[in-house]
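# Structural overview for review
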Amino acid sequence: MAKRSKAYEAAAAKIDAEKFYAPYEAVTLAKDTNPSKFDATVEVAFRLGVDPRKADQMVRGTVNLPHGTGKVSRVLVFATGDKAEAAIAAGADFVGSDDLIEKIAAGWTDFDAAVATPDLMGKVGRLGKVLGPRNLMPNPKTGTVTADVTKAVNDIKGGKIDFRVDKHSNLHFIIGKVSFDAIKLAENYAAALEEVLRLKPSASKGRYIQKATVATTFGPGISVDPNVTKVLTEV
């Protein structure tokens, strides 16, 4: 196991490992205990009471964070003609069709999100082995297979995130940067939590959110009370 830095140990000492913090209190503490000198990302992890091996218990969705992520996402759009021009006008970083498909098939994935028009999905679908494991595959359920490429690009650039439960029943996503006000981080957390709760599968039995943790990129985890579903911007 890698030796932890003195800064990490000092940060961890400020956290009560036995306590479940209210969301606002947790993000405030994450900001205060960030051991990095740079503007670190603030991340959330949920352990869900689902079995992702079963199709009726898969949790996947998107949410537009009210205050964005603080990250400038690089968006790739598979489109041609007028749709390609619209994607460029909307600020997409990479736009194309066959040329991009060949490049990605060769292993290039230097982007954060991918959008495709429906007419190109027959070709894009062949990239499943490359894009799927990286959660980059366009999907109509997340609004990334669409004829309205302008909206899709604007949503992603504006702070839209997508999430999918992994094989260990965990969800991971970012809610902003350490430089964000605690209120903004708490409101982003609230928006994401609301959408995760809305997507609870009917087949899921027992406690749905079993564990919630907030942490900065290199900071210690802070346990959040999983029973607090109505997030207030105060302790």
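Please refer to the structure placed before this passage.
Right, let's walk through the structure included here.

### With respect to unusual backbone geometry
At Asn 135, a position not held by glycine, the phi torsion is positive, near 55 degrees. The phi torsion at Ser 169 lies on the positive side, around 70 degrees, for a residue other than glycine. The class for Ser 169 is buried, based on a relative accessible area of 10%.

### Overview of the layout of surface pockets
Space inside the largest pocket adds up to approximately 710 Å³. In terms of lining residues, the largest pocket is bounded by 28 residues, among which Asp 112, Asn 135, Ile 161, Asp 162 and Phe 163 are the most central. Examining the composition of the lining of the largest pocket, we find that 5 residues originate from one element, strand E6 (residues 160-164), more than from any other. The residue inventory of the lining of the largest pocket, partitioned by class, reads 12 nonpolar, 7 polar and 9 charged.

### Details of helix H2 (residues 23-32)
Burial in H2 covers these residues: Pro 23, Tyr 24, Ala 26, Val 27, Leu 29 and Ala 30. The secondary structure elements touched by the buried residues of H2 are strand E7 (170-177), helix H8 (182-198), strand E8 (209-216) and strand E9 (222-224).

### What to know about the packing of H2 against H8
At a closest axis distance of 9 Å, the pairing of H2 and H8 adopts a crossing angle of 125 degrees. For the element pair H2 / H8, the angle class is oblique. In this structure, H2 meets H8 at a crossing whose hand is right-handed. Of the residues in H8, those touching H2 at Pro 23, Tyr 24, Val 27, Thr 28 and Lys 31 are Ala 182, Ile 183, Leu 185, Ala 186 and Tyr 189. Of the residues contributing to the contact of H2 with H8, the split by class is 8 nonpolar, 1 polar and 1 charged.

### Examining the nonpolar core
Among the nonpolar cores identified, the biggest contains 38 residues, and Phe 46, Leu 48, Leu 171 and Phe 173 are the most heavily contacted of them. For this core, the element with the highest residue contribution is H8, accounting for 8 residues. For Phe 173, the residues in contact, after removing those within four places along its chain, are Glu 43, Val 44, Phe 46, Ile 161, Phe 163, Ala 192 and Val 196. Of all hydrophobic cores here, the second largest spans 16 residues; its members include Leu 76, Leu 100, Leu 136 and Met 137.

### Focus: H8
Taking 1.5 Å as the rise per residue, H8 with 17 residues should run 24 Å; its terminal C-alpha atoms sit 24 Å apart, in good agreement. Along H8, the residues that are buried comprise Ala 182, Leu 185, Ala 186, Asn 188, Tyr 189, Ala 191, Ala 192, Leu 193, Glu 195 and Val 196.

### Some remarks on the sheet that holds E8
Taken in spatial order, the 4 strands make up an open sheet running E7-E1-E8-E9, and their pairing is antiparallel. Bordering the open sheet on either side are E7 and E9, each of which pairs with just one other strand. Across the sheet, the mean angle from the axis of one strand to that of its neighbour is 25 degrees, orientation sign disregarded. Here 7 bridges tie strand E1 (residues 41-48) to E7, and the two strands are oriented antiparallel to one another. Pairing of Val 42 across the sheet is with Gly 176, part of E7. Against the sheet, H2 contacts E7, E8 and E9, and its axis sits at roughly 165 degrees relative to E9.

Criteria and cut-off values
- Residues numbered from 1 in each chain as written.
- Predicted model: local features only at pLDDT ≥ 70, side-chain atom pairs only at ≥ 80, totals over all residues.
- Heavy atoms only, no water.
- Buried < 20%, exposed > 50% of the residue type's maximum accessible area, 1.4 Å probe, protein only.
- 1 Å grid on protein atoms, 1.4 Å probe; cavity = no way out; pocket = protein on both sides within 12 Å on 5 of 7 lines; lining within 4 Å.
- Points joined across faces, edges and corners; volume = space filled by probe spheres on them.
- Helix = DSSP H or I, 4+ residues; strand = E, 2+ residues; numbered from the N terminus.
- Nonpolar A, V, L, I, M, F, W, Y, C, P; charged D, E, K, R; others polar.
- Contact = heavy atoms within 4.5 Å.
- Axes fitted to C-alpha atoms, helices over the stretch in contact; angles between N-to-C directions.
- Parallel < 35°, antiparallel > 145°, perpendicular 65-115°, else oblique.
- Left-handed = near helix turned anticlockwise from the far one by under 90°.
- Core = buried A, V, L, I, M, F, W, Y, C linked by side-chain atoms within 4.5 Å.
- Expected span 1.5 Å × (residues − 1).
- Pairing = 2+ DSSP bridges.

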